[in-house]
Amino acid sequence: MRGKIIKGIAGFYYVHDGISKVYECKAKGVFRSRKIKPLVGDDVEFTVLDEKEQTGNITDILERKNELIRPAVANIDQAMIVFAVTDPEPNLNLLDRFLVTMEMQGVPAVICFNKMDLGTGERERELRQIYEAAGYSVYFTSANDKESVDMVRELLKGKTTALAGPSGVGKSSLTNQIQPEAAMETGAISEKIRRGRHTTRHSELFFVEPETFVMDTPGFSSIYVESLKPEELSGYFPEFEDFVPDCRFLGCVHVGERECGVKEAVKEGKLAVSRYDNYRLIYEELKNKRRY
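Residues numbered from 1 in each chain as written. Predicted model: local features only at pLDDT ≥ 70, side-chain atom pairs only at ≥ 80, totals over all residues. Heavy atoms only, no water.

## Here we look at the overall build of the protein
When you go through the protein residue by residue, the secondary structure sums to 7 helices and 13 strands. When contacts within the protein are restricted to residue pairs at least 6 apart in sequence, those whose partners lie at least 24 apart make up 65%. If you sum the accessible surface of the protein, you get close to 15,300 Å²; carbon and sulfur atoms cover 48% of it. (Helix = DSSP H or I, 4+ residues; strand = E, 2+ residues; numbered from the N terminus. Contact = heavy atoms within 4.5 Å. Areas by Shrake-Rupley, 256 points an atom, 1.4 Å probe, with all protein chains shown as cover.)

## Things to note about the nonpolar core
Within the largest apolar cluster, 32 residues are counted, with the highest numbers of intra-cluster contacts made by Ile81, Leu95, Leu99, Phe113 and Tyr131. Going through the elements one at a time, strand S8 (78–84), helix H2 (92–104), strand S9 (109–114), helix H3 (121–132), strand S10 (137–140), strand S11 (160–164), strand S12 (204–209) and strand S13 (212–216) are the ones with two or more residues in this core. The element best represented in this core is H2, accounting for 6 residues. Those residues in contact with phenylalanine 113 that lie beyond four places of it in its chain are Phe83, Ala84, Val85, Pro90, Leu95, Leu127, Tyr131, Val138, Tyr139, Phe140 and Thr141. Counting 20 residues, the second largest nonpolar core, distinct from the first, contains Phe237, Cys247, Cys252 and Val253. (Core = buried A, V, L, I, M, F, W, Y, C linked by side-chain atoms within 4.5 Å. Buried < 20%, exposed > 50% of the residue type's maximum accessible area, 1.4 Å probe, protein only.)

## What about unusual backbone geometry?
With an omega of 5 degrees, the peptide bond running from aspartate 87 to proline 88 counts as cis. Take proline 88: it is sitting in the loop between S8 and H2. Backbone geometry places lysine 115, a non-glycine residue, at a positive phi of 60 degrees. One can find lysine 115 in the loop between S9 and H3.

## Details of the pairing of strand S1 (residues 2–9)
The sheet contact formed by S1 and strand S4 (residues 43–50) spans 3 bridges and is antiparallel. Residue pairing in the sheet places lysine 4 in a bridge with aspartate 43 of S4. Relative to strand S2 (residues 12–16), S1 runs antiparallel, the two sharing 5 bridges. Counterpart to lysine 4 in the pairing with S2 is histidine 16. Joining the antiparallel neighbours S1 and S2 is a turn of 2 residues, in which alanine 10 adopts a positive phi near 50 degrees. (Pairing = 2+ DSSP bridges.)

## Examining the sheet that holds strand S3 (residues 22–27)
Pairing within the closed barrel is mixed, and its 5 strands lie in the order S1-S2-S3-S5-S4. Adjacent strand axes in the sheet meet at a mean angle of 50 degrees when their direction is disregarded. (Axes fitted to C-alpha atoms, helices over the stretch in contact; angles between N-to-C directions.)

## Focus: H3
Between its terminal C-alpha atoms H3 stretches 16 Å, which fits the 16 Å expected from 12 residues at 1.5 Å a residue. Every buried residue of H3 is accounted for by Arg123, Leu127, Ile130 and Tyr131. Projected down its long axis, H3 shows its buried positions confined to an angular sector of 85 degrees, all on one face. Exposed side chains of H3 directed beyond 90 degrees from the buried face belong to Glu122, Arg125 and Gln129. (Expected span 1.5 Å × (residues − 1). Arc of directions from axis to C-beta.)

## Describing the packing of H2 against H3
Running from N to C, H2 and H3 point in directions that differ by 30 degrees, and their axes come no closer than 13 Å. In terms of their interaxial angle, H2 and H3 are classed as roughly parallel. In this structure, H2 meets H3 at a crossing whose hand is right-handed. Where H2 abuts H3, its residues Leu92, Leu95, Asp96 and Leu99 lie against Leu127, Ile130 and Tyr131. For the contact of H2 with H3, the per-class residue count stands at 6 nonpolar, no polar and 1 charged. (Parallel < 35°, antiparallel > 145°, perpendicular 65-115°, else oblique. Left-handed = near helix turned anticlockwise from the far one by under 90°. Nonpolar A, V, L, I, M, F, W, Y, C, P; charged D, E, K, R; others polar.)

## A short note on the environment of serine 172
Counting through the fold element by element, serine 172 comes out in helix H5 (residues 171–178). A sequence separation of 29 residues divides serine 172 from alanine 143, and the C-alpha atoms of the two residues are 9.4 Å apart.

## Notes on the pattern of salt bridges
Taken as a whole and judged by the stated rule, the model has 16 salt bridges. Here glutamate 204 ties to lysine 7 by a salt bridge, and the two come within 3.8 Å at their closest N and O atoms. Of this pair, glutamate 204 sits in strand S12 while lysine 7 sits in strand S1; the two residues are 197 residues apart in sequence, bridging distant segments of the chain. For glutamate 204, a relative accessible area of 16% puts it in the buried group. Take lysine 7: its relative accessible area is 21%, and that puts it in the partly exposed class. Ionic pairing is found between arginine 153 and aspartate 150, a salt bridge with its closest N-O pair at 2.9 Å. (Salt bridge = Lys/Arg side-chain N within 4 Å of Asp/Glu carboxyl O.)

Below you can see the structure in the form of structure tokens.
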């Protein structure tokens, strides 16, 4: 039989058959000798050992379309990066880091600003302008609003989607609305430090409908862009591309150079200041790391 790994705990892998059943499986020892570790999201071949108990053995891992390092999952079609409009205030530096890591791994990303009922129209326009200008699809949602939940459900249809973002922004609440059987612990925002408590402890795919899976991932308070040369970073800020031809020097990194098309575009309001500032912060991190 063929199925998809939706969860892995303590050497057991839970495989959904794509219809209605989940089988508790062990991976055959041959994978260890081949140094292949099954991942959540893997499409697999498995044999059923006991239909009543719904147990089985994974016999083969099918070729992966992609493999993410953090979270450690496979075959993701898209990432939906979820931040709150407010409560907590969106950390745009962290959001830009998420976008860079998705760009690096070749995973298309859409941005979802949740808790729109707590925000203002002016804030929505500002966020939409920043990220639509960068080439991303931007959506505003509320887990309590049926219309926006239906919109998210349509975005997920026919895809395996990873929900990524910090704790407390409503990822689990959205997942619960899309697939109530997920029965995820939503947690409350800490009144003292105004940050979300970590409620999702492992990566797990949830079956929504045929060919449609959604994964909630552990919330991140920080993320570091690694395995990237400083001079490569600008390639992961798509909106810079139009202004690179205006740079005087070949290989311009848009930081210290005087005649730089990207820096000029920021001055003229054609590029968002926040995006450029975050680019510079990440660039300096990569540059300093390279020295050691």
